[in-house]
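# Observations on the three-dimensional arrangement
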Amino acid sequence: TWQRPTSLTRTSSVSMSSKHIRAGVLGASGYTGAELVRILLGHPLAEIAFLSAERSAGKAFKEVYPQFSHLKDLPPLVKTEEANYDGVDVVFACLPHAMSHSLVASVPESVKVVDLSADFRLADTKVYEEWYNVPHGAPELQPQAVYGLTEINREHVAKARIVANPGCYPTCAQLPLIPLLREGLIESSRIVIDAKSGVSGAGRAPKEGTLYCEVTEGFAPYGIANHRHLPEIEQGLSLAAGEQLQVTFTPHLTPMSRGIEETIYVQTRGGANAKQMKEALAKYYAKEEFVTVLEGSAIPATRHVRGSNQCVINVFDDRITGQAIIVSVIDNLVKGASGQAVQNMNVACGLEEHLGLRMAPMFP
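Residues numbered from 1 in each chain as written. Predicted model: local features only at pLDDT ≥ 70, side-chain atom pairs only at ≥ 80, totals over all residues. Heavy atoms only, no water.

Relative to the assigned elements, Thr 150 resides in helix H5 (residues 150–157). Classification of Thr 150 as buried rests on a relative accessible area of 0%. For the pair formed by Thr 150 and Gln 343, sequence separation is 193 residues and the distance between their alpha carbons is 7.2 Å. Beyond its immediate chain neighbours, meaning those up to four positions away, Thr 150 contacts Gln 340, Gln 343, Asn 344, Val 347 and Glu 353. (Helix = DSSP H or I, 4+ residues; strand = E, 2+ residues; numbered from the N terminus. Buried < 20%, exposed > 50% of the residue type's maximum accessible area, 1.4 Å probe, protein only. Contact = heavy atoms within 4.5 Å.)

This brings us to the side chain of Gln 142. Note that Gln 142 resides in the loop between helix H4 (125–132) and strand S7 (145–147). Residue Gln 142 is classed as buried on the basis of its relative accessible area of 5%. Here the side chain of Gln 142 touches Leu 122 through a polar contact of 3.4 Å, landing on its backbone oxygen. Beyond its immediate chain neighbours, meaning those up to four positions away, Gln 142 contacts Asp 119, Phe 120, Leu 122, Ala 123, Thr 125 and His 136. (Polar contact = N/O pair within 3.5 Å; in protein donor to acceptor, adjacent residues only side chain to side chain.)

This part is about the side chain of Ser 238. Structurally, the position occupied by Ser 238 is in helix H8 (residues 230–241). Leave out the neighbours within four places in its chain, and Ser 238 touches Glu 243, Gln 244 and Leu 245.

Further remarks concern helix H6 (residues 168–182). Because an α-helix completes one turn every 3.6 residues, residues spaced three or four positions apart along the sequence face the same direction. A rise of 1.5 Å per residue sets the reference length of H6, with its 15 residues, at 21 Å; its end C-alpha atoms lie 22 Å apart and thus fit the reference within 8%. The buried fraction of H6 is high, at 14 of 15 residues. Downstream of H6 by one or two residues, Gly 184 has phi in the positive range, about 70°. (Expected span 1.5 Å × (residues − 1).)

Let us now look at the packing of aromatic side chains. Taken as a whole, this structure holds six aromatic pairs when the rule is applied. A centroid spacing of 5.3 Å and a plane angle of 70° characterise the contact between Tyr 169 and Phe 249, whose relative ring orientation is edge-to-face. Taken as a pair, Tyr 169 in helix H6 and Phe 249 in strand S11 (residues 247–253) lie far apart in primary sequence, 80 residues in all. By relative accessible area, which is 2% here, Phe 249 ends up buried. Relative to Tyr 285, the ring of Tyr 284 lies with its centre 5.1 Å away and its plane at 75°, an arrangement referred to as edge-to-face. What makes Tyr 284 partly exposed here is its relative accessible area of 28%. Classification of Tyr 285 as buried rests on a relative accessible area of 3%. An aromatic cluster of at least three residues, connected via ring pairs, comprises Phe 61, Tyr 65 and Phe 68. (Phe/Tyr/Trp six-rings, centres within 6.5 Å; stacked < 30°, edge-to-face > 60°.)

At their nearest, the axes of H6 and helix H9 (residues 274–284) sit 10 Å apart, and the two run at 105° to each other. In terms of orientation, H6 lies roughly perpendicular with respect to H9. When H6 is examined against H9, the residues Leu 175, Pro 176, Pro 179, Leu 180 and Arg 182 are found in contact with a partner set consisting of Met 277, Leu 281 and Tyr 284. In the contact of H6 with H9, the residues fall into seven nonpolar, no polar and one charged. (Axes fitted to C-alpha atoms, helices over the stretch in contact; angles between N-to-C directions. Parallel < 35°, antiparallel > 145°, perpendicular 65-115°, else oblique. Nonpolar A, V, L, I, M, F, W, Y, C, P; charged D, E, K, R; others polar.)

Turning our eyes to something else, we now look at the pairing of strand S2 (residues 21–26). In terms of residue burial, S2 counts as a mostly covered element, since five of its six residues are buried. Considered for its hand, the β-α-β crossover made up of S2, helix H1 (residues 31–41) and strand S3 (residues 46–52) is right-handed. Bridging between S2 and strand S5 (residues 90–93) involves four bridges; their strand directions are parallel. The residue of S5 that forms the bridge with Leu 26 is Ala 93. (Right-handed = clockwise from strand over helix to strand, strands pointing away. Pairing = 2+ DSSP bridges.)

With that out of the way, let us pick up the state of the cysteines. Evaluation of the coordinates by the stated rule reveals zero disulfides. In this structure Cys 311 is a free cysteine whose sulfur lies 5.4 Å from that of Cys 172, the closest cysteine sulfur available. (Disulfide = S-S within 2.5 Å.)

Comment: phi is negative for the bulk of residues other than glycine, and the bulk of peptide bonds are trans. The omega angle of the peptide bond from Phe 363 to Pro 364 is 0°, so this bond is cis rather than trans. Mapped onto the elements of the fold, Pro 364 is located in the segment after helix H10 (334–348). Backbone geometry places Asn 133, a non-glycine residue, at a positive phi of 60°. Topologically, Asn 133 is positioned in the loop between H4 and S7. Its identity as a non-glycine residue notwithstanding, Glu 217 has a phi of 60°, on the positive side. Among the secondary structure elements, Glu 217 is positioned in the loop between helix H7 (212–215) and strand S10 (220–221).

This is how it looks when you write it as structure tokens:
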């Protein structure tokens, strides 16, 4: 078990009597698993109990990720079935879709689960089966799962045993759109989401489409009209709008390692303009540490959130009357995955929500 040295656990807001959380990471050899390790190492109340990886089982973590070579006490990688849950408070599941169902079912009920796959994000198991082309492996657990868009669903996350961590694209889209739909400032029809992601969003496993020569010096759309994040986005926006809606969503793969930028086109309602929409978002997120609405005409950029748990938003009037343009950016591996997962762990375990997550963006 890795534990942060006592001399480094003190902060102005955390006492030494605060509860420590023992966390396990399943699928630690992928990008989201490695990012979780990086974040947990900076968490004053977290201990890493175990790390699992199938193909890399038996190796030291530094053999898989040399950037951790200076850390001597990280647990070695073990096979998933060898993970020891004794004394573990929470487990992060960083596995491909369709693998978390049986795994979560096997985790002791005393252990909370934050699942970073898509397996528990869709409340309707039939919708999951339609979009992922596999049977839902744990329909009896689906009603227990809480969708972990933390700023929107915090009260439910606090009571959850199973948290379905949102996808990267849905996080970036829903954070600006849900408040605007709830406030009735935009129409629920004709929402267009033009999204771009860094290559780490495709995972670490080698694929032809993510080879250097396939990605560099250009970018292209993929998953046109059928990306699996579509039903997740529509699920959240439909709840906010109070009616079933559909969106146009087109993702693009860009030649950068991490980051998501979404340019979102909306029809305004009741004569609303960008100023009113920004004011509504600023009010909604006024007490939120990890969502920032920019002032003036500043344009959000992925380089300004890289390595952080921030979502940065701005809204602009379109030259076409009755339309507005929203720009939203996150780091896909942090706010879009592992950072939000730790945020959900903090809430579910009764810790201060910001713990381990106040790292500043890395620029340049």
